[in-house]
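So you can see what is in the structure, the chains are spelled out below.
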Amino acid sequence: MQTLESETCYRALSARDRRFDGLFFVGVSTTGIYCRPVCTAKTPRLERCAFYRTAAEAERAGFRACLLCRPELAPGGAPVDSVPRLVAAAVSRIEGGFLNESSLEELATELGVTSRHLRRAMESELGVSPVELAQSRRLALAKQLLQDTALPLAEVAFASGFQSVRRFNALFQARFGRPPSALRRESDEAGGSRSLVLRLDYRPPLDWGQLLRFLHGRAIPGVEHVGDAEYRRTVRLGGKTGWLVVRHDAKRPSLRAEVSLSLAGVLMPVAARLRALFDLDARPEVIAECLGRDALLGRCVGLHPGLRVLGAFDPFEMTVRAILGQQVSVRAATTLSGRLVERFGEPVESPHAEASRLFPLPETLARATEDDVASLGLPGARARSLLAVARAVVGGSVRLNGRAGVDETMAALEALPGIGAWTAHYVAMRALRWPDAFPASDLGIRKALGGITAKAAAERAEAWRPWRSYAAVHLWTSLSEGAGG
C-alpha cells in the first residue's frame, strides 16, 4: 500500500487545494472526525492529523465522517491511478453495488481468485477489506440521501443497498454516533422533494457545455436527449427500469442527478455509471500538465482546461453505437441508432417523450437475423459485425463489464468480423474507461494534426501517454472550433 507523506498532505490541507480532493482524507484526533482536504473547518495542527487514502480506511481507524465537508461526496481516483488490476476491478464492482446482492465469494469467483486472496489484496493496497469498503459506500449513500432528499428512512435504507432496516440503523449509529433520524432532523434540506437526487462532486474545472455538445450530436434517439443544459436518458439496470436527468450545480463543483423512484434499489450502480459517463474522477491538472507540453495541444487545453473523456452509461450500448458509426457521419450513425432502438428496444414510463425507450439487451440483438438488422439501412458486413458483438457479449467471449483487462477485451473485439483498431480503441476509450486509448487512423485526428498518416499520428501521440484519450478528444474539439494545427 502506498504511504502518504504527512507534511505534503498537510500543505494541501492548509491550502484547501481542490486538486487533492478525494485523493486523501484527514482524521483529527481531538474531534474523532475525518474530513476532505477541502473542508472549510478550522485547520487542525499537524500533530493532531492522521492521513488516509480512503474514507473506509479512516472509518476503520475509528473516525466519523464530517457533516460539513461530507466525505461521501468526494470524487474518486482516476482510472490511471496506480492500483493493481485485481484491486481496481474489485473496487469498481463494489462501488457499483455488487456486494449488495451477491457474496464476497461470488465476487472473488468473477475476478478469478479466492475470497481470501481478494481480501488480502485489498487490505494490503487500501487498508480495508471488501466488506468494509462496501459497508462504507452504503453508509455514504445513505447519508447523502438523508441530507439531500425527504425519502422515508426505510426507503433510504433499501435504496442504499441495505437488506434490513434494523441493520442499517445499527451500523449508522455505530459509524456516525447518532441515529439516521437525528441526521435527517439536522439537515437543511429535509423538507425537500421525495424524488431521488444524487450529488456527484468532481475536481474542477469541468467543461459542462462541451460535454453536452459532444453528447448532443451522439445521443441515441429515444434513449438519450440533450437540451436546456441537461442530459436525460432511460435506464435498465439490475432488473429495474426508469429514467434520470443530470444538470450542473451552479453553486459548487458537482452535478445533480434526478433519478426516478423506480430506480431506488440500484442507486449505487447508477451513481457509479454516471461518474464514469462524465469522467468525474479525472485529475484535470495532471492531464493538462502532460498535454500542455505539446504546442498544438497546449492551445487546446488552454481553450478547454476542463475537457473530459465521456465514458458510457451502458458499455454494450456504446459499443453498438461505435459500430453504427463506422465509415459514416455522426449524424448518419445517430439516425441508425434511433432506428435500432425503435425496432428492437422497449418503451418505458418516462415524463420525457424524447427519452422513453430502453436500449435493446445483448440477448435481444443476438436473436436477430442479419436481414433484421440490415433492414435498418446497414450494409450486410456492418449487420454481421453488430450481431457478432451481441453474440460474443452474450456468450462471454467479449466482456465489457470490467472483468477482463483492456488488452484482452480489445483483442477479443478485433477478433470479430468488421471490428478493427479504430473501433477497439474507441470502445476502450469510452466503454472501458482507458485513458490511454488512441484511434490513430481516425480521419479527424489526422486532419487536426495537419493531414498526417495514421502511423505518424501514432508516433506523435507517444509523447502524450498515458493520456492519449484526452488528446484525441481535444483534437476532435479543435476541428469543430477551427483551432486545429
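In case you missed it, the structure is sitting above this.
All of these numbers come straight from a predicted model, not from anything done at the bench.

1. Topic: the pattern of salt bridges
- Tallied over the entire structure, the rule returns 33 salt bridges.
- Shared partners join several salt bridges into a network, and the residues in it are E230, R232, R247, E258 and E354.

2. Observations regarding the packing of aromatic side chains
- Considering all chains together, one arrives at 13 aromatic pairs under this definition.
- Pairing Y52 with F63 gives two aromatic rings, centres 5.9 Å apart and planes at 55 degrees, and the pair type is tilted. Linking Y52 in strand β3 (residues 49–52) with F63 in the loop between α2 (55–60) and β4 (64–65), this pair joins segments that are eleven residues apart in sequence.
- Here Y52 falls in the buried class, since its relative accessible area comes to 14%.
- Note on F63: relative accessible area 11%, which makes it buried.
- Measuring from centroid to centroid gives 4.5 Å for F172 and F176, while their planes differ by 50 degrees, and the two rings are tilted.

3. Observations regarding the side chain of R256
- Its location among the elements puts R256 in strand β9 (residues 254–259).
- Reaching out from R256, the side chain makes a polar contact with the side chain of D249 at a distance of 3.4 Å.

4. Some thoughts on the pairing of strand β6 (residues 224–227)
- As judged from the four bridges shared by β6 and strand β7 (residues 230–237), these two strands associate in the antiparallel manner. Within β7, the residue paired with E224 across the bridge is R233.
- Turn length for the β6-β7 hairpin, with the two strands adjacent in sequence and antiparallel, is two residues, and the turn residue D228 shows positive phi of about 55 degrees.

5. Things to note about the nonpolar core
- Grouped together as the largest cluster of nonpolar side chains are 121 residues, with contacts concentrated most on L274, F278 and L291.
- Of all the elements, helix α19 (residues 380–395) adds the most residues to this core, at seven residues.
- Excluding residues within four positions of it along the chain, L274 makes contact with L200, L244, V246, A257, L280 and F313.

6. Regarding the layout of surface pockets
- What the second largest pocket holds in volume is close to 1000 Å³.
- Lining the second largest pocket are 43 residues; nearest its centre among them are R218, V330, W422, Y426 and D442.
- Broken down by secondary-structure element, the contributors of at least two residues to the lining of the second largest pocket are α11 (208–218), β7, α15 (315–324), α16 (330–344), α21 (421–430), α22 (443–448) and α24 (468–481).

7. Focus: the sheet that holds β9
- An order of β5-β9-β8-β7-β6 is seen for the five strands of this open sheet, with the pairing classed as antiparallel. Either end of the sheet is taken by a strand with one partner, and the two such strands are β5 (196–201) and β6. Neighbour-to-neighbour, the strand axes of the sheet open up by a mean angle of 25 degrees, direction not taken into account.
- Of the pairings in the sheet, the one linking β5 to β9 comprises six bridges and is antiparallel in character. Residue pairing in the sheet places L198 in a bridge with A257 of β9.

8. Let's talk about α16
- Relative to the 21 Å expected for 15 residues at 1.5 Å per residue, α16 spans 21 Å between its end C-alpha atoms, a close match to the ideal helical length.
- Among all positions in α16, only A333, T334, L336, S337, G338, L340, V341 and F344 are buried.

9. Things to note about unusual backbone geometry
- Between P204 and P205 the backbone carries a cis peptide bond, its omega angle lying at 0 degrees.
- One can find P205 in the loop between β5 and α11.
- Residue P466 is bonded to the preceding R465 through a cis peptide linkage, with omega at 5 degrees.
- Following the sequence through the fold, P466 ends up in the loop between α23 (454–461) and α24.
- Phi angles above zero are rare outside glycine, and Q327 is one such case at about 60 degrees.
- Structurally, the position occupied by Q327 is in the loop between α15 and α16.

Analysis parameters
Residues numbered from 1 in each chain as written. Predicted model: local features only at pLDDT ≥ 70, side-chain atom pairs only at ≥ 80, totals over all residues. Heavy atoms only, no water. Salt bridge = Lys/Arg side-chain N within 4 Å of Asp/Glu carboxyl O. Phe/Tyr/Trp six-rings, centres within 6.5 Å; stacked < 30°, edge-to-face > 60°. Helix = DSSP H or I, 4+ residues; strand = E, 2+ residues; numbered from the N terminus. Buried < 20%, exposed > 50% of the residue type's maximum accessible area, 1.4 Å probe, protein only. Polar contact = N/O pair within 3.5 Å; in protein donor to acceptor, adjacent residues only side chain to side chain. Pairing = 2+ DSSP bridges. Core = buried A, V, L, I, M, F, W, Y, C linked by side-chain atoms within 4.5 Å. Contact = heavy atoms within 4.5 Å. 1 Å grid on protein atoms, 1.4 Å probe; cavity = no way out; pocket = protein on both sides within 12 Å on 5 of 7 lines; lining within 4 Å. Points joined across faces, edges and corners; volume = space filled by probe spheres on them. Axes fitted to C-alpha atoms, helices over the stretch in contact; angles between N-to-C directions. Expected span 1.5 Å × (residues − 1).

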